[in-house]
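Descriptive structure summary
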Amino acid sequence: MASTRPLLLLVLCSLTLTDAQLKLFNLRASDLYTNILGNPDAYVKVFCGSADLGETSVRNNNKNPWWEEEFTTYKAQENDVMKLEVHDSDILLDDQLGVCQRQLKLGTHTHDCFLKKGGTLHYTYTLG
């Protein structure tokens, strides 16, 4: 009787993680932190794993901003961590309003993330 080990080894080697397309969209925030200078000039930086996917435009003087940008990468995998950093743009140093991190799952998902300084970031992503 022949050994099945070579066949088993071949099958196991073919079960590697495959890259999938990640699309992040419908980014908006509500009730962002307001300081003595007024409403924030908010933007979001987007990361997936170790990749920097870019950032949104700045929405000036708006505590309930909505961003039209969509972010896409073809190098995402299930269980990668997506990180979204919400910032208030200032002349000298931008303030970080909060960070949202999510382990990616296949499919389309909508999430709300409560920010450290106040407010909520809302977003949708598709991995597949």
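First, a word on what this report is: a plain description of the structure on this page.

Conventions we followed
- Residues numbered from 1 in each chain as written.
- Predicted model: local features only at pLDDT ≥ 70, side-chain atom pairs only at ≥ 80, totals over all residues.
- Heavy atoms only, no water.
- Disulfide = S-S within 2.5 Å.
- Helix = DSSP H or I, 4+ residues; strand = E, 2+ residues; numbered from the N terminus.
- Buried < 20%, exposed > 50% of the residue type's maximum accessible area, 1.4 Å probe, protein only.
- Salt bridge = Lys/Arg side-chain N within 4 Å of Asp/Glu carboxyl O.
- Core = buried A, V, L, I, M, F, W, Y, C linked by side-chain atoms within 4.5 Å.
- Contact = heavy atoms within 4.5 Å.

**Some thoughts on the state of the cysteines**
Within the structure shown, the criterion is met by one disulfide. With a sulfur-sulfur separation of 2.1 Å, cysteine 100 is cross-linked through a disulfide to cysteine 113. Torsion about the S-S bond of the cysteine 100 and cysteine 113 cystine: about -100°, corresponding to left-handed handedness. A residue pair is termed long-range when its members are at least 10 positions apart, and cysteine 100 in strand S7 (residues 95–103) and cysteine 113 in strand S8 (residues 107–114) qualify at 13 residues. Judged by its relative accessible area of 2%, cysteine 100 is buried.

**Let's talk about the pattern of salt bridges**
Within the structure shown, the criterion is met by two salt bridges. A salt bridge links glutamate 70 to lysine 23; the shortest N-O distance between them is 3.5 Å. Separated by 47 residues along the polypeptide, glutamate 70 in the loop between strand S4 (66–67) and strand S5 (71–76) and lysine 23 in strand S1 (residues 20–30) bring together distant segments of the chain. The partner of lysine 83 in a salt bridge is glutamate 85, with the nearest N and O atoms 3.3 Å apart.

**Some thoughts on the nonpolar core**
Counting residues in each nonpolar core, the largest one holds 25 residues, and the members touching the most others are Leu24, Leu84, Leu121 and Tyr123. Put simply, the parts of the chain that give this core at least two residues each are S1, strand S2 (42–48), S5, strand S6 (81–88), S7 and strand S9 (120–127). Sort the elements by how many residues they give to this core and S1 lands first, with five residues. Non-local contacts of tyrosine 123, meaning those with residues more than four positions away in its chain, are made with Leu24, Phe25, Asn26, Leu27, Met82, Leu84, Arg102, His109, Thr110, His111 and Cys113.

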